[in-house]
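Each chain, letter by letter, is given below.
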Amino acid sequence: MYDYLIVGSGLFGAVFARQATDAGKKVLVIDKRPNIAGNVYTEKIEGIHVHKYGAHIFHTNMEHVWNYVNKFATFNRFTNSPVANYKGELYSLPFNMYTFNKMWGVVTPEEAVKKIEEQKKEAGITEPKNLEEQAISLVGTDIYEKLIKGYTQKQWGRPCTELPAFIIKRLPVRLTFDNNYFNALYQGIPVGGYTKMVENMLDGIEVRLNTDYLENKAELDALADKVVYTGPIDAYYDFKLGTLEYRSVRFENETLDKPNFQGNAAVNYTDAETPWTRIIEHKWFEFGKDDEGNDIPKTIISREYSSEWKPGDEPYYPVNDEKNGKLYEQYKELADKEEKVLFGGRLGEYKYYDMDAVIDSALKFAEKEL
Ligand code: FAD
Ligand code: UDP
């Protein structure tokens, strides 16, 4: 009946479904959730597009991916500029001249460099061996103590001295007054929410929700020549070689009867005592306006708590350590032998993909397959 059964309506599944349909193939998309869009799903509550599975900011350097998503959505001019709250003191992120000025009163880039060098020298670090040493080498001890140490410990559940240095290198350090968190050419949020963008990708395509592939495998397999599976690869094999681990996040959402809670989409709580890592105020992704351009009288916030993952929890971030990497390779060997089933996406490839990377990967996969 179908050329392809696509398991999962997240970005990987939706992009492949669109490309296959445009190439003249007949496809059926299924998802076990009651909604499309996977982890980028947004739900409209009180006129606000709430990012249900964590805040998502689209950013990319890939022009072809930017052009592709713009076929399905108009992007607004949102630029991610989180604020750090350390025991009531507020600092600009990522680390830039505003941060250095607030921390030390320095005014020029030369003064900021001098201050960082002094603190680095005092700490006696030459070759950074862990996240703590790397952070101090990049921004000095004061910023490490107030803006990095507590936050990182909460986020990863272990001390900075036991974490790899590369994690902190993701964050830009700038000697300019630029608060943009990302070094990307293109950035924004789809007007009307991510769900609408994915809906547009799936326009005219048959979708069945509340349908778990693994629970109805034989029956569903019989419907199509090939299967594109974007669920967890270990679940596909009934965890027979072991369970791949994830880092988990718990969200606590609250609707408040006031128009403005924190004046910014993201505020990071960088001390060790506050139990949450950050608070997202969803309306600021769209400048506080609803779809008709009106100011919204209420607001919705999500507190994020980093938590240890256990089997059965929602899988969020793959753990890229040696143990899990090896286990994935063993599953991949099995997957490569499948004749009818192809694996893709964040869970199917056990890979931390940003949205632009998963779209790029789905486009390449489609080109090869179709
Ligand atoms: P998913 O979106 O997870 O889709 C997989 C789908 O498969 C799901 O809908 C699931 O229900 C379905 N499924 C699984 N198993 C079955 C089954 N047995 N039967 C039927 N259906 C099944 N990226 C950015 O670029 N910017 C950001 O700011 C950003 N923030 C993020 C924040 C968080 C907390 C997380 C976790 C990720 C973030 N990302 C961000 C990454 C982004 O979420 C991913 O790149 C993207 O969602 C991956 O899409 P996917 O289709 O591979 O997977
Ligand atoms: N980080 C920090 N303080 C902040 C924001 C980030 O110390 O206010 C550190 C933290 O260790 C984090 C890393 O910088 O893991 C990378 O930041 P990013 O926002 O990329 O974190 P992610 O949520 O993607 O891990």
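See the structure above.
A short tour of the structure in this document, coming up. (Residues numbered from 1 in each chain as written. Chains lettered and ligands numbered in written order. Predicted model: local features only at pLDDT ≥ 70, side-chain atom pairs only at ≥ 80, totals over all residues. Heavy atoms only, no water.)

All right, on to the site of ligand 2 then. Taken together, 14 residues form the shell around ligand 2, and within it Thr152, Gln155, Arg170, Tyr181 and Asn268 come nearest. The contact in question runs from an oxygen atom of ligand 2 to an N or O atom on the side chain of Gln155, over 2.9 Å. At a separation of 2.9 Å, an oxygen atom of ligand 2 approaches a polar side-chain atom of Arg170. Protein contact buries 88% of the 510 Å² of open area that ligand 2 shows by itself. (Near = heavy atom within 4 Å. Polar contact = N/O pair within 3.5 Å; in protein donor to acceptor, adjacent residues only side chain to side chain. Areas by Shrake-Rupley, 256 points an atom, 1.4 Å probe, with all protein chains shown as cover.)

Close approach of charged atoms allows side chains of opposite charge to pair. In this structure the tally under the stated criterion is 22 salt bridges. With its nearest N and O atoms 2.8 Å apart, the salt bridge here joins Asp295 to Lys289. A residue is classified by how much of its surface remains accessible, and Asp295, at 59% relative accessible area, is exposed. A relative accessible area of 35% places Lys289 in the partly exposed class. (Salt bridge = Lys/Arg side-chain N within 4 Å of Asp/Glu carboxyl O. Buried < 20%, exposed > 50% of the residue type's maximum accessible area, 1.4 Å probe, protein only.)

Let's shift gears to the packing of aromatic side chains. Going through the model one piece at a time under the given rule, you end up with 27 aromatic pairs. On the basis of an interplanar angle of 65 degrees and a centroid distance of 5.0 Å, the ring pair of Phe78 and Phe285 is categorised as edge-to-face. Pair noted here: Phe78 is in the loop between α2 (63-69) and β6 (83-86) and Phe285 is in the loop between β13 (278-281) and β14 (299-308), with a separation of 207 residues, a long-range link. You'll find Phe78 and Phe285 in the same group, each marked buried. Counting every residue linked through ring pairs, the aromatic cluster contains Tyr213, Tyr229, Tyr236, Tyr237, Tyr331 and Phe343. The ring of Tyr305 carries the charged tip of Arg250 above its face, separated from the ring centre by 4.3 Å. Over the face of the ring belonging to Trp276 we find Arg303, whose NZ or CZ atom lies 4.7 Å from the ring centre. (Phe/Tyr/Trp six-rings, centres within 6.5 Å; stacked < 30°, edge-to-face > 60°. Helix = DSSP H or I, 4+ residues; strand = E, 2+ residues; numbered from the N terminus. Lys NZ or Arg CZ within 6 Å of the ring centre and 35° of its normal.)

Two pairing modes exist for strands in a sheet, parallel and antiparallel, and in both the strands are linked by backbone hydrogen bonds. Within the open sheet, the seven strands sit side by side as β7-β6-β12-β13-β14-β11-β15. Their pairing is mixed. Across the chains shown, the open sheet's two edge strands, defined by having one partner strand only, are β7 (89-92) and β15 (317-318). Bridge count for β6 against β7 is four bridges, and the pairing is antiparallel. Bridge pairing in β7 places Ala84 opposite Tyr91. Sitting on the sheet, helix α6 (residues 141-156) is in contact with β6, β7, β11 (246-256), β12 (266-269), β13 and β14, with an inclination near 95 degrees to β6. (Pairing = 2+ DSSP bridges. Contact = heavy atoms within 4.5 Å. Axes fitted to C-alpha atoms, helices over the stretch in contact; angles between N-to-C directions.)

We now examine the nonpolar core. Core analysis: the biggest nonpolar cluster contains 50 residues, and Leu11, Phe58, Met197 and Ile359 have the highest contact counts within it. Of all the elements in the fold, those that place two or more residues in this core are β1 (2-7), α1 (11-22), β2 (27-30), α2, α8 (194-201) and α13 (355-369). Non-local contacts of Ile359, meaning those with residues more than four positions away in its chain, are made with Leu11, Val15, Phe58, Val65, Tyr68 and Val69. Residues Leu5, Leu223, Val227 and Tyr246 belong to the second largest nonpolar core, which totals 26 residues. (Core = buried A, V, L, I, M, F, W, Y, C linked by side-chain atoms within 4.5 Å.)

In the vicinity of ligand 1 there are 32 residues, among which Asp31, His56, Arg346, Tyr353 and Met355 approach most closely. The separation between an oxygen atom of ligand 1 and a polar main-chain atom of Phe12 is 3.0 Å. Tyr352 places a side-chain nitrogen or oxygen 3.5 Å from a nitrogen atom of ligand 1. Contact with the protein chains hides 97% of the accessible area of ligand 1, taken as 1000 Å² for the molecule alone. For the shell around ligand 1, the secondary structure elements donating two or more residues are α1, α12 (345-348) and α13. A class-by-class count of the residues in the shell around ligand 1 yields 17 nonpolar, nine polar and six charged. (Nonpolar A, V, L, I, M, F, W, Y, C, P; charged D, E, K, R; others polar.)

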